[in-house]
Amino acid sequence: LPPSERSPILELPDELISQIAAGEVVERPASVVRELVDNALDAGASQITLRLLAGGVRLISVEDDGCGIVRSELPTALKRHATSKIASLSDLESVHTMGFRGEALAAICSIAEVSVLTRVEDAPESHGWLLDGRSGELQPTARNRGTTVEVRELFFATPARRKFLKTDATELAHCIEAVRRHALARPDVGFAIWHEGKLVAQWRAVASDHADPLRQRLADVLGEDFVTQAVAVDWPIDLPDDGSGQRLRVQGFAGVPDAARSRNDWQFAYVNGRYVRDKVITHAARSAYEDVLHGHRQPVYALFVSLDPTRVDVNVHPTKIEVRFRESREVHQAVRRAVESALAVPRSAGKVETEP
Ligand code: ADP
Ligand code: MG
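All figures in this text were calculated on a predicted structure; none of them were measured in a lab. (Residues numbered from 1 in each chain as written. Chains lettered and ligands numbered in written order. Predicted model: local features only at pLDDT ≥ 70, side-chain atom pairs only at ≥ 80, totals over all residues.)

Asker: In this structure, what is going on with the overall build of the chain? I would like to understand it.
Answerer: From N to C terminus, the chain includes eleven helices and 15 strands. Relative to the 2.2 N^0.38 estimate, which gives 21 Å for 356 residues, the radius of gyration of the chain is 22 Å and therefore close to what a compact globule would have. Overall, the C-alpha framework of the chain stretches about 65 × 60 × 45 Å when taken along its three principal axes. Taken across its 356 residues, the chain has 40% of its residues classed as buried. (Helix = DSSP H or I, 4+ residues; strand = E, 2+ residues; numbered from the N terminus. Rg over C-alpha atoms; globule rule 2.2 N^0.38 Å. Buried ≥ 20, exposed ≤ 12 C-beta atoms within 10 Å, placed from the backbone.)

Structure below.
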């Protein structure tokens, strides 16, 4: 451009910075659901209840019975880059929580109307606090321990974005899917989803003394057919010996070849409890089926990879749905062998005795 047309370089206002950042994190109501459920789980919730209106566009309310937020820190929780989960670069190297970027609440506040009602166990007051994200006003409100975050009128300020949304039914389906992914990884937590006043999904917490909580939760969420047509996967393998003694483990369930589907919608992969879309795991699982599945048939599985958090980088993508492994070949090998060896076991061996 000729000099006369050059625009000045300006620092963007905070609000706009958040709105730009929100674009990366929040694509649709289900993205908000995922972030809020992440937060509830990080807070140690044992029961999480969602209430949605209009597929989540008009209202997403996520209520938990977790640790709550103390009054003095409540306004900070909505600020950008404010988090209780990491404090230093070394914490970033080994993230143990679902969140750590301190971005979600701030991002959501910039594109919706947010309020937070919360109470901690040992609060001096005998009530909770309600924070209005817009006005910053704090007001005493009745509440048991835990937090309820309400998000109203998503994308109200960005109508162009709102136009990208699908029908309420489709957005609701995405919201339910987001919760389902969490629910599979956490049989110890109860989940309920209400839409327009109707209970649309509910998975009760599996008792801690249950013989096989994961199997129970998979049956509850994906249906009894999923588990009766799947074999248990449990594979320990050593990582290259660098003295750390850390192991890589693959657990879960893999569907028998007959249970394969035409779509890949029943492929759930987790790394340290976090749902991921990972090429290494997907490819490894697929290759374990290469001799037994033909054409475009898609295997079904729910695989949980656990490894030392320093061996996986979760800070790759704003939504944390992608990860990077330090030893991706070992992960690939472990997943492939885990599934192969599970499939090699006669089917009845993977079943639970109580089956007819
Ligand atoms: P992050 O989860 O990456 O820390 P968020 O913006 O999602 O960032 O949340 C900011 C902070 O607010 C969290 O670190 C946590 O301390 C607090 N917080 C958010 N949601 C909850 C909740 N449901 N229960 C307790 N604390 C919460
Ligand atoms: Mg978070």
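Asker: How should the site of ligand 1 be read in this particular structure?
Answerer: Lining the immediate surroundings of ligand 1 are 23 residues, of which Asn39, Ala43, Thr83, Ser84 and Gly99 lie closest. Classifying every residue of the shell around ligand 1 by side-chain character gives ten nonpolar, eight polar and five charged. (Near = placed C-beta within 6 Å. Nonpolar A, V, L, I, M, F, W, Y, C, P; charged D, E, K, R; others polar.)

Asker: What's the story with the nonpolar core in this structure? I'm lost.
Answerer: Within soluble globular proteins, side chains that are nonpolar tend to cluster in buried spots. Counting 96 residues, the largest nonpolar core has Ile108, Leu303 and Val335 as the members making the most contacts within it. It is helix α7 (residues 168-185) that contributes the most residues to this core, eight residues altogether. Counting only domains with at least three residues in this core, you end up with domain 1 (14-203) and domain 2 (213-348). In contact with Ile108, other than residues within four places in its own chain, are Ala22, Val26, Val32, Glu35, Val114 and Val151. (Core = buried A, V, L, I, M, F, W, Y, C linked by C-beta atoms within 7 Å. Domains from an automatic or database assignment. Contact = placed C-beta atoms within 7 Å.)

Asker: I tried to follow the domain arrangement of the chain on my own but got confused; where do I start?
Answerer: Interfaces are often sized by the accessible area lost when the parts come together. According to the domain assignment, the chain consists of domain 1 (14-203) and domain 2 (213-348). Between the C-alpha centres of domain 1 and domain 2 there is a distance of 28 Å. For the side of domain 1 that touches domain 2, the secondary structure elements donating two or more residues are α1 (14-25), α4 (89-93) and α7. Of all the elements, α7 adds the most residues to the side of domain 1 that touches domain 2, at five residues.

Asker: Even after reading the chapter, I still don't get unusual backbone geometry, so can you show me in this structure?
Answerer: Glycine aside, the phi torsion of most residues is negative, and most peptide linkages are trans. In this structure, Glu153 takes a positive phi of about 50° despite not being glycine. With 14 C-beta atoms counted inside 10 Å, the residue Glu153 sits in the partly exposed group. The backbone of Asn272 shows a phi angle near 45°, a positive value even though the residue is not glycine. Classification of Asn272 as partly exposed rests on a count of 19 C-beta atoms within 10 Å.

Asker: Explanation requested: the sheet that holds strand β6 (residues 146-152) in the structure shown.
Answerer: What links the strands of a sheet is backbone hydrogen bonding, and the strands pair in either a parallel or an antiparallel sense. Spatially, eight strands are ordered β5-β4-β3-β6-β2-β1-β7-β8 in an open sheet, and the strand pairing comes out mixed. A single partner strand is all that each edge strand has here, and the edge strands are β5 (138-141) and β8 (198-203). Geometrically, the sheet is characterised by an average inter-axis angle of 15° between neighbouring strands, direction not taken into account. As defined by bridge partners, strand β3 (residues 113-119) adjoins strand β4 (residues 128-132) across four bridges and the pair is classed as antiparallel. Paired with Ser115 across the two strands is Asp132, which belongs to β4. (Pairing = 2+ DSSP bridges. Axes fitted to C-alpha atoms, helices over the stretch in contact; angles between N-to-C directions.)

Asker: Got a minute to help me understand helix α10 (residues 279-288) in this structure?
Answerer: Spacing of three or four residues puts side chains on the same side of an α-helix, whose turn is 3.6 residues. What α10 keeps buried is the set Val280, Ile281, Ala284, Ala285 and Ala288. Taken around the axis of α10, the buried residues stretch over an arc of 120°, which confines them to a single face. Buried-residue contacts for α10 involve β11 (267-271), β13 (301-306), β15 (324-325) and α11 (328-344). (Arc of directions from axis to C-beta.)

Asker: Any chance you could explain the environment of Leu172 here in plain terms?
Answerer: By the element assignment, Leu172 lies in helix α7. By C-beta crowding, Leu172 is classed as buried, having 24 other C-beta atoms within 10 Å. C-alpha of Leu172 to C-alpha of Leu53: the two residues are 119 residues apart in sequence and 9.0 Å apart in space. Those residues in contact with Leu172 that lie beyond four places of it in its chain are Leu52, Gly55, Gly56 and His195.

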